[in-house]
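Chains, contacts and geometry: an overview
Here is what each chain is made of, one letter per residue.
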Amino acid sequence: MSASSVVFAAVIAAELLLIASIVASIVRPAWRIWPPGARDWRFWWSWGLLKAALVGAIVLAWLDRGTFVFDHWGWKVAGVALFVVAEGLNEWAVRSVRRPASWGLEAELSTAGPYRWTRNPQYLLQSAMVVAVVLVSNSALTAIAGGVGIAALLLAPFAEEKWLEETYGEAYREYRRRTPRFLGRRREGRGGS
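Residues numbered from 1 in each chain as written. Predicted model: local features only at pLDDT ≥ 70, side-chain atom pairs only at ≥ 80, totals over all residues. Heavy atoms only, no water.

**Here's the deal with the overall build of the protein chain**
Across its full length, the protein chain carries seven helices and zero strands. Counting from the amino terminus, the protein chain carries its helices and strands in the arrangement α-α-α-α-α-α-α. A globule of 193 residues ought to have a C-alpha radius of gyration of about 16 Å, and the protein chain, at 17 Å, matches this closely. The principal-axis extents of the C-alpha atoms in the protein chain amount to approximately 50 × 35 × 25 Å. (Helix = DSSP H or I, 4+ residues; strand = E, 2+ residues; numbered from the N terminus. Rg over C-alpha atoms; globule rule 2.2 N^0.38 Å.)

If you want it as structure tokens, here you go:
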């Protein structure tokens, strides 16, 4: 078994465990794992899996580079540009809500910065960074693992929403009515999503 196969299996395992934790949090909010809300076992479990998947994906991108269809230098340039822009905007989003809230810990509800246009800018931007890594590495295995990782990123808000409503009450419900979950037109009046 090659090193890239072993790393790929580890990344997929971490991502599937993370997805299972998110789905459990959606289906059974009383068993919520994500968001943790506090620095307890749920915090370390979720962030441990995320870090394992992230570090593993970076190693995988290196080990499996050049095995996919994006072999023209233009894809690498596009990937680097996408990564730089997405990382810069992601850092803006993190600073807008502050790190504790970004880590799934209870903090003040913030609707500033990119959160004015989407309730989940970090998940969208991190998904763009995954695409950028696939373009730069040109790795087939990283593309597969990246797809699973993006699925986890796009599922996470569904686990967070009930907790956010319980934690922030009417302030969050009003924010949710005005602001799309991912992308869309901001509503000034009452609506829903």
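Additional details are given in the paragraphs that follow.
**What about the packing of aromatic side chains?**
Taken as a whole and assessed by the stated rule, the structure comprises nine aromatic pairs. Judged by centre distance (5.4 Å) and plane angle (70°), the rings of Phe68 and Phe70 are edge-to-face. Judged by relative accessible area, which is 18%, Phe70 ranks as buried. Cluster of aromatic residues (ring-pair linked, three or more members): Trp34, Phe43, Trp44 and Trp47. Over the face of the ring belonging to Trp31 we find Arg28, whose NZ or CZ atom lies 4.6 Å from the ring centre. Arg65 extends its terminal NZ or CZ atom over the ring of Trp62, reaching a point 3.7 Å from the ring centre. (Phe/Tyr/Trp six-rings, centres within 6.5 Å; stacked < 30°, edge-to-face > 60°. Buried < 20%, exposed > 50% of the residue type's maximum accessible area, 1.4 Å probe, protein only. Lys NZ or Arg CZ within 6 Å of the ring centre and 35° of its normal.)

**What about the nonpolar core?**
If you look at soluble globular proteins, the nonpolar side chains tend to sit buried side by side. With 23 residues, the main nonpolar core has Phe8, Ile22, Trp34, Leu60 and Ala145 as its most contacted residues. Counting eight residues, the second largest nonpolar core, distinct from the first, contains Ala93, Tyr115, Leu164 and Tyr172. (Core = buried A, V, L, I, M, F, W, Y, C linked by side-chain atoms within 4.5 Å.)

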